[in-house]
Amino acid sequence: MGRQMTCTAPVNIAVIKYWGKRDPTLILPTNSSLSVTLSQDDLHSRTTVSIAPEYDQDRMWLNGIECPVSSNIRLVNCLQAAREQRKAMEAADSSLPSWSTWGIRIASVNNFPTAAGLASSASGYACLVYTLAQVLELPLTPSQLSRYARLGSGSACRSILGGFVGWEMGKLANGEDSLAYQVAPETHWSELEALILVVNDAKKDTSSTVGMQTTVKTSTLAQHRFASVVAERMQQMEQAIQDRNFEQFAKITMQDSNQFHAICLDTYPPIFYLNDTSRTIIRIVTTINELCPEIQAAYTFDAGPNAVIYAPKQHMPRLIQLFTYFFPAAHPLPSEEFFNDPYHCVPTGVT
Ligand code: ADP
Ligand code: DP6
Ligand code: CO
């Protein structure tokens with residue numbers, strides 16, 4: 001006799017990047033950030049959490065492979081936070097069943113490459129804490145849930161909410177004010193779509209966690225970014241979203257991606273996430289934007305070579321045509337239907 005629940009959570013792709021921690025245990029960032037949560041129908045994690053009195057220890061499987069729980073401190077922190085809250089509820093109300101003492105089993109699958117710079121840690125930990133909260137019946141607001149998700153992976157706090165989501169870095173040492181908030185729901189700007197270009201689905205050489213730790217220790221450019229760049233960009237980006245101003249949204253998105261990768265190069269030893277294909281994508285987008293009277297598309301790259309292209313819906317079929325011209329498929333081309341229904345993402349949230 002136990003309890004079990006399965007949920008899915010989407011990835012989010014930042015347009016103002018988080019890269020740096022001031023507190024690595026609580027995962028408190030060195031700057032605020034802002035992202036778009038993609039649709040559940042596209043890149044997502046699907047997680048099943050079960051609890052039972054007979055489970056003697058906590059166990060976790062990711063993409064079918066068992067991962068030891070006790071050596072994964074972030075996972076342990078997420079489980080502990082949820083259990084402690086449940087324990088406090090049980091102490092206050094003796095009629096509640098003692099689920100806080102039961103073992104937890106987690107099985108999660110990503111429908112896209114894991115640890116390849118497509119935000120698997122974001123959808124993964126958002127899904128994990130959300131499902132866990134459902135199983136343990138924790139009465140958490142999205143903003144409280146974002147704090148639990150943050151303990152697993154910084155970017156995960158933003159996947160708890162749908163649409164356009166900010167993560168306020170906060171000032172407090174205990175992290176209570178370091179929370180995700182919704183800038184606008186997805187319906188506010190449903191014309192905006194995202195195209196994912198998978199350049200390489202292999203696991204990256206430098207994880208985000210290790211990469212940003214070296215950056216904070218060694219990059220002087222990063223210090224400049226934290227002190228003088230991000231706060232103003234956050235305001236401009238929120239305004240661009242409120243105004244549905246694609247020109248402004250696109251320009252800041254590309255500049256912020258460029259600065260993030262410049263900071264990776266300024267890290268010692270340097271970190272190279274972009275490859276030649278990524279740089280060709282940047283050149284294609286830049287050229288189209290220069291040739292057209294209005295900005296058509298914005299590229300952004302997380303910690304990996306894979307591109308995310310944000311563009312208004314009406315430009316998507318043409319962009320897909322262009323990318324397939326420059327990067328013809330090694331395999332037989334998909335059907336015409338595929339191209340008539342471009343792979344697009346409409347932001348939503350956790351369900
Ligand atoms: P990414 O760019 O994909 O976010 P990261 O280096 O930030 O890569 O994080 C990858 C790590 O996130 C994985 O090694 C794993 O520990 C964790 N992770 C990925 N997917 C899940 C998931 N579905 N559930 C729990 N943890 C996950
Ligand atoms: C480049 O959230 O994966 O995607 O907090 O150490 O788990 P940890 O790092 P993670 O870093 C994301 C970095 C980024 C930018 C972003 O999503 O804001
Ligand atoms: Co990540």
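Provided above is the structure to which this section pertains.
Residues numbered from 1 in each chain as written. Chains lettered and ligands numbered in written order. Predicted model: local features only at pLDDT ≥ 70, side-chain atom pairs only at ≥ 80, totals over all residues.

### Structural notes on the overall build of the protein chain
Phase 1: A count of helices and strands for the protein chain gives nine helices and 14 strands.
Phase 2: Here the C-alpha atoms of the protein chain give a radius of gyration of 20 Å, agreeing with the 20 Å that 2.2 N^0.38 yields for 351 residues.
Phase 3: If you take every contact in the protein chain between residues at least 6 apart in sequence, the share linking residues at least 24 apart comes to 73%. (Helix = DSSP H or I, 4+ residues; strand = E, 2+ residues; numbered from the N terminus. Rg over C-alpha atoms; globule rule 2.2 N^0.38 Å. Contact = placed C-beta atoms within 7 Å.)

### Considering the nonpolar core
Phase 1: Counting residues in hydrophobic clusters, the biggest one holds 92 residues, and the most contacted among them are Cys78, Ala126, Val129, Tyr130, Ala149, Ile309 and Tyr310.
Phase 2: The biggest single contributor to this core is helix H2 (residues 120–135), with ten residues. (Core = buried A, V, L, I, M, F, W, Y, C linked by C-beta atoms within 7 Å. Buried ≥ 20, exposed ≤ 12 C-beta atoms within 10 Å, placed from the backbone.)

### Comments concerning the site of ligand 1
Phase 1: Ligand 1 sits among 22 residues. The nearest are Ser108, Ser120, Ser121, Gly124 and Ser208.
Phase 2: Counting residues per element, the ones that place at least two in the shell around ligand 1 are strand S9 (103–110) and H2. (Near = placed C-beta within 6 Å.)

### Digging into the site of ligand 2
Phase 1: Around ligand 2, 15 residues are found, and the nearest of them are Ala14, Ser153, Gly154, Ser155 and Thr209.
Phase 2: Residue composition of the shell around ligand 2, grouped by class: six nonpolar, seven polar and two charged. (Nonpolar A, V, L, I, M, F, W, Y, C, P; charged D, E, K, R; others polar.)

### Some details on unusual backbone geometry
Glycine aside, the phi torsion of most residues is negative, and most peptide linkages are trans.
Phase 1: Across the junction of Tyr268 and Pro269, the peptide omega takes the value -5°, indicating a cis bond.
Phase 2: Phi is positive for Ala119, which is not a glycine, with a value near 70°.
Phase 3: Mapped onto the fold, Ala119 is located in the loop between S9 and H2.
Phase 4: The phi dihedral of Glu137 is positive, around 50°, even though this residue is not glycine.
Phase 5: Structurally, Glu137 is set in the loop between H2 and helix H3 (142–152).

### Quick word on the packing of helix H1 (residues 73–92) against H3
Phase 1: Where H1 contacts H3, the axes come no closer than 7 Å and their chain directions differ by 155°. As summarised for this structure, H1 and H3 are arranged roughly antiparallel, according to the angle between their axes. Of H3, the residues touching H1 (which contributes Arg74, Leu75, Asn77, Cys78, Ala81 and Ala82) are Tyr148, Leu151 and Gly152.
Phase 2: Classifying every residue of the contact of H1 with H3 gives six nonpolar, two polar and one charged. (Axes fitted to C-alpha atoms, helices over the stretch in contact; angles between N-to-C directions. Parallel < 35°, antiparallel > 145°, perpendicular 65-115°, else oblique.)

### What to know about the packing of H2 against H3
Phase 1: Where H2 contacts H3, the axes come no closer than 8 Å and their chain directions differ by 130°. By the criterion of interaxial angle, the relationship of H2 to H3 is oblique. As H2 packs across H3, the resulting crossing turns out to be right-handed. Along the contact surface, H2 presents Tyr125, Ala126, Leu128, Val129, Tyr130 and Ala133, while H3 presents Leu145, Tyr148, Ala149 and Gly152.
Phase 2: Counted by class, the contact of H2 with H3 contains nine nonpolar, one polar and no charged residues. (Left-handed = near helix turned anticlockwise from the far one by under 90°.)

### Remarks on the environment of Ala14
Phase 1: Structurally, Ala14 is set in strand S2 (residues 12–16).
Phase 2: Taking the C-beta count within 10 Å as the criterion, Ala14 has 24 such neighbours and is therefore assigned buried.
Phase 3: Through-space distance from the C-alpha of Ala14 to that of Leu38 is 11 Å; in sequence the pair is 24 residues apart.
Phase 4: Apart from residues no more than four positions distant in its own chain, Ala14 is found in contact with Ser33, Leu34, Ser35, Ser155 and Asp302.

### Some remarks on the sheet that holds strand S8 (residues 65–67)
Phase 1: Spatially, five strands are ordered S1-S6-S9-S7-S8 in an open sheet, and the strand pairing comes out mixed. For this open sheet the edge positions go to strand S1 (3–10) and S8, each flanked by a neighbour on one side alone. Each neighbouring strand pair of the sheet contributes to a mean axis angle of 20°, computed without reference to strand direction.
Phase 2: The sheet contact formed by S1 and strand S6 (residues 44–52) spans eight bridges and is antiparallel. Opposite Met5, over in S6, you have Val49 as the bridge partner.
Phase 3: Its contacts with the sheet put H2 on S1, S6 and S9, and the angle it makes with S1 is roughly 150°. (Pairing = 2+ DSSP bridges.)

### Considering helix H7 (residues 276–291)
Phase 1: Compared with an ideal rise of 1.5 Å per residue, which puts 16 residues at 22 Å, H7 spans 22 Å between its outermost C-alpha atoms and is within 8% of the ideal.
Phase 2: Regarding H7, the residues found buried are Ser278, Ile281, Ile284 and Val285. In an axial view of H7, the angular spread of the buried residues amounts to 120°, which keeps them on one side of the axis. Among the exposed residues of H7, those oriented more than 90 degrees off its buried face are Asp276, Arg283, Thr287, Glu290 and Leu291.
Phase 3: In this structure, the buried residues of H7 make contact with strand S12 (192–197), strand S13 (298–301), strand S14 (307–312) and helix H8 (316–326). (Expected span 1.5 Å × (residues − 1). Arc of directions from axis to C-beta.)

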